[in-house]
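A look at the structure
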Amino acid sequence: MPNFIEAMPLEQLPSGASTMVTIGGTDVALFHVDDEVYAINDTCVHAGASLTAGRFDGKVVTCRAHGFKYDLTTGFVVGSPGFGVASYPVKIVDGKIMVAVT
C-alpha cells in the first residue's frame, strides 16, 4: 500500500499551475490540470532540467531545455512508452494534495 505524504494545500496550486515540492528527498513536479493533480519526477531524463519550469498544455509538459514532451498521466515521453520519469499516485484529502513517492 502506498505511503501518501502531504505535499501542500490544494488551494495553493490553482488549476493551470505547476510547482515543485521535495518529498522524501525527491523533487516532485505537481501539475493541476482541470480537476486533477498529477505528480511526476521533476528532472528531465535528457539533460536534468526542471520539468516544473517547462510549458504545459493539457496533460503534456514540454521540457524547456530540449523540448522533450512528457505525458503527465504516466511520466513517459510522448511516443516512447516505457521511457520517461517516475509518476506518483496523488489523492486529495481534506483539501490537501497527498503524494506517494515510492
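Here is a short report on the structure shown in this document. (Residues numbered from 1 in each chain as written. Predicted model: local features only at pLDDT ≥ 70, side-chain atom pairs only at ≥ 80, totals over all residues. Heavy atoms only, no water.)

One open sheet accounts for three strands, arranged E5-E6-E7; its pairing is antiparallel. Of all the strands in the sheet, just strand E5 (55-57) and strand E7 (69-71) have a single pairing partner and so form its edges. Averaged over all adjacent pairs, the angle separating strand axes in this sheet is 25 degrees, with direction ignored. As defined by bridge partners, E5 adjoins strand E6 (residues 60-62) across three bridges and the pair is classed as antiparallel. In the strand pairing of E6, Phe56 is matched with Val61. (Pairing = 2+ DSSP bridges. Helix = DSSP H or I, 4+ residues; strand = E, 2+ residues; numbered from the N terminus. Axes fitted to C-alpha atoms, helices over the stretch in contact; angles between N-to-C directions.)

Soluble, globular proteins show a tendency: their nonpolar side chains are buried together. Within the largest apolar cluster, 15 residues are counted, with the highest numbers of intra-cluster contacts made by Phe31, Ile40, Leu51, Val61, Tyr70 and Leu72. Secondary structure elements with two or more residues in this core: strand E3 (26-33) and strand E4 (36-41). If you tally residues by element for this core, the top one is E3, at three residues. With residues up to four places along the chain from it excluded, the contact list for Phe31 reads Leu13, Ala17, Ser18, Glu36, Val37, Tyr38, Ile40, Leu51, Thr52, Phe56, Val61 and Leu72. Within the second largest apolar cluster, 13 residues are counted, among which are Met8, Val21, Leu30 and Val99. (Core = buried A, V, L, I, M, F, W, Y, C linked by side-chain atoms within 4.5 Å. Buried < 20%, exposed > 50% of the residue type's maximum accessible area, 1.4 Å probe, protein only. Contact = heavy atoms within 4.5 Å.)

Bringing the environment of Gly58 into the picture now. On the secondary structure map, Gly58 appears in the loop between E5 and E6. Owing to a relative accessible area of 37%, Gly58 belongs among the partly exposed residues under this scheme. Expressed as a C-alpha distance, the spacing of Gly58 and Phe31, which sit 27 residues apart in the sequence, is 9.7 Å. Those residues in contact with Gly58 that lie beyond four places of it in its chain are Val33 and Leu72.

In this section: the pairing of strand E10 (residues 96-99). In summary, the side chains of a regular strand alternate between the two faces of the sheet. The pairing of strand E1 (residues 5-9) with E10 spans four bridges and is classified as antiparallel. Bridging across to E10, Pro9 finds its partner in Lys96. Pairing of strand E9 (residues 90-93) with E10 involves four bridges; the strand directions are antiparallel. What sits directly across from Lys91, in E10, is Met98. Following E9, the chain reverses through two residues before pairing antiparallel with E10; Asp94 in that reversal takes a positive phi of roughly 50 degrees.

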